[in-house]
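# Working through the structure, step by step
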Amino acid sequence: MGEERKEAGWLPVMLNVADVRCLAVGAGTVAERRLGDLLDAHAQVTLISPEATPAIAAWADAGRLIWHRREYRSGDLDDCRPSIVLIWTDDPEVNRLVRREAEARSVWVGDASDGMSGRLMFPASVKRGRLRLAVSTLGASPGLAERIRRELEANYGTEYETYVDFLHEMRMRFRREVRDPERRAALNRQLLAYPIPQMIRDGAFAAWRAELLRLWEERGRLP
């Protein structure tokens, strides 16, 4: 497969990994961050690695993941039967073996040592409640991806958790109470025109929200 075709094949998606079986091979510092993300998303994680960081070892001791303290062996995928395989080792031969066995079983695989050779890649990301922001350079420059991630983190602060929750709350209310889909869309657009993040930062949001809900309940309109 040519490089241009390989790059064109990557499609940004969101995955719901709750209760999904994931096999991780390798447990260094990069793996720690990503395993933490998987555990927070309620994935069922099995780890194969002779060593692990203190945080990963603590997760295993607490029963948050299953840790097999050894090297990967051919056929481990048949025992674990994962839907996703993630590779974080510094051994090229082990990485190739795991990747080859995962692909032979049509299992989605991500290889941190050579992301373009797998089928999954973790982007640099920022989480603000329901809001998820992610950026990837497809492995061309992890440093640039991280720099953009920090810029996103600075520009979209914790106020966006409250903001997005409010937008969701009102969207669900409009869906229940407004039958006309065009009017619902117009109301949702109107909400986006208000400087709500700034109101949250200034401490004025709670009073404004109460007034908005009062107007909506009494008159069926927004301020």
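Up top is the structure these notes are about.
The following refers to the structure shown. All values derive from a computational prediction rather than experimental measurement. (Residues numbered from 1 in each chain as written. Predicted model: local features only at pLDDT ≥ 70, side-chain atom pairs only at ≥ 80, totals over all residues. Heavy atoms only, no water.)

### Details of the pairing of strand S5 (residues 108-111)
Quick reminder of the rule: In this analysis, strands are considered paired if DSSP registers two or more bridges between them. Secondary structure elements follow DSSP: runs of H or I no shorter than four residues count as helices, runs of E no shorter than two count as strands, and numbering proceeds from the N terminus. If the strands point away from the viewer and the path from the first strand over the helix to the second runs clockwise, then the crossover is right-handed.
Bridge count between strand S4 (residues 84-87) and S5: four bridges; the pairing is parallel. Each residue of the ladder has a partner; that of Ile84, found in S5, is Trp108. Traced from S4 through helix H5 (residues 92-104) to S5, the parallel crossover comes out right-handed.

### Let's talk about the sheet that holds strand S3 (residues 66-68)
Note the threshold: Only C-alpha atoms enter the line fits that serve as axes; for helices the fit covers just the stretch in contact. Angles between N-to-C directions range over 0 to 180 degrees.
One open sheet holds the five strands; their spatial order is S3-S2-S1-S4-S5, and the pairing between them is parallel. Looking at the sheet topology across the chains shown, the edges are occupied by S3 and S5. For this sheet, the mean inter-axis angle between neighbouring strands, taken without regard to orientation, is 15°. Sheet analysis places strand S2 (residues 44-48) next to S3, joined by three bridges and oriented parallel. Residue pairing for S3: Leu47 is matched across the bridge by Trp67.

### A look at the layout of surface pockets
In plain terms, the rule: Using a grid of 1 Å spacing that covers the protein atoms alone, one calls a set of points a cavity when a 1.4 Å probe fits there but cannot get out, and a pocket when the set is open and has protein on both sides within 12 Å along at least five of seven lines; lining residues are those with an atom within 4 Å of a point. Grid points are joined across faces, edges and corners, and a volume is the space filled by probe spheres set on the points. Gly falls in the polar group here, along with every residue not listed as nonpolar (Ala, Val, Leu, Ile, Met, Phe, Trp, Tyr, Cys, Pro) or charged (Asp, Glu, Lys, Arg).
Taken as a whole, the second largest pocket encloses approximately 330 Å³ of empty space. Along its surface, the second largest pocket is lined by 19 residues, and Gly26, Ala27, Trp88, Thr89 and Asp90 are the ones closest to its centre. Take the lining of the second largest pocket: its biggest share by element is three residues, from helix H2 (residues 29-40). Within the lining of the second largest pocket, the residues separate by chemical class into 10 nonpolar, five polar and four charged.

### Details of the packing of H2 against helix H3 (residues 54-61)
Quick reminder of the rule: Each crossing is labelled by how the near helix is turned from the far one, with a counterclockwise turn of less than a right angle marking it left-handed and a clockwise turn marking it right-handed. Working rule for contacts: check all heavy atoms of both residues, and any pair within 4.5 Å makes them a contact.
Between H2 and H3, whose axes approach to 9 Å, the crossing angle comes to 35°. Where H2 crosses over H3, the handedness of that crossing is left-handed. Along the contact surface, H2 presents Ala31, Glu32, Leu35, Gly36 and Leu39, while H3 presents Ala55, Ile56 and Trp59. Across the contact of H2 with H3, the residue classes tally to six nonpolar, one polar and one charged.

### As for the packing of aromatic side chains
Our working rule: Only Phe, Tyr and Trp rings are paired, with Trp represented by its six-membered ring, and only when their centres lie within 6.5 Å; those with planes under 30 degrees apart are stacked, over 60 edge-to-face, the remainder tilted. The rule is simple: take the accessible area with a 1.4 Å probe, protein chains only, and divide by the maximum for that residue type; under 20% is buried, over 50% is exposed, in between is partly exposed.
On inspection of all chains with the given rule, the structure shows eight aromatic pairs. When the centroid spacing of 5.6 Å and the interplanar angle of 70° are considered together, the rings of Tyr160 and Tyr163 count as edge-to-face. Separated by three residues within a single helix, Tyr160 and Tyr163 lie in helix H7 (residues 159-177), roughly one turn from each other. We note that Tyr160, like Tyr163, is buried. Both rings, one in Phe166 and one in Trp208, keep their centres 6.0 Å apart while their planes meet at 65°; by these two values the pair is edge-to-face. You can see Phe166 sitting in helix H7 and its partner Trp208 sitting in helix H10 (residues 205-219), a full 42 residues away along the chain. Trp208 shares its class with Phe166; the two are buried. Taken together, the ring pairs connect Phe166, Tyr194, Phe205 and Trp208 into an aromatic cluster.

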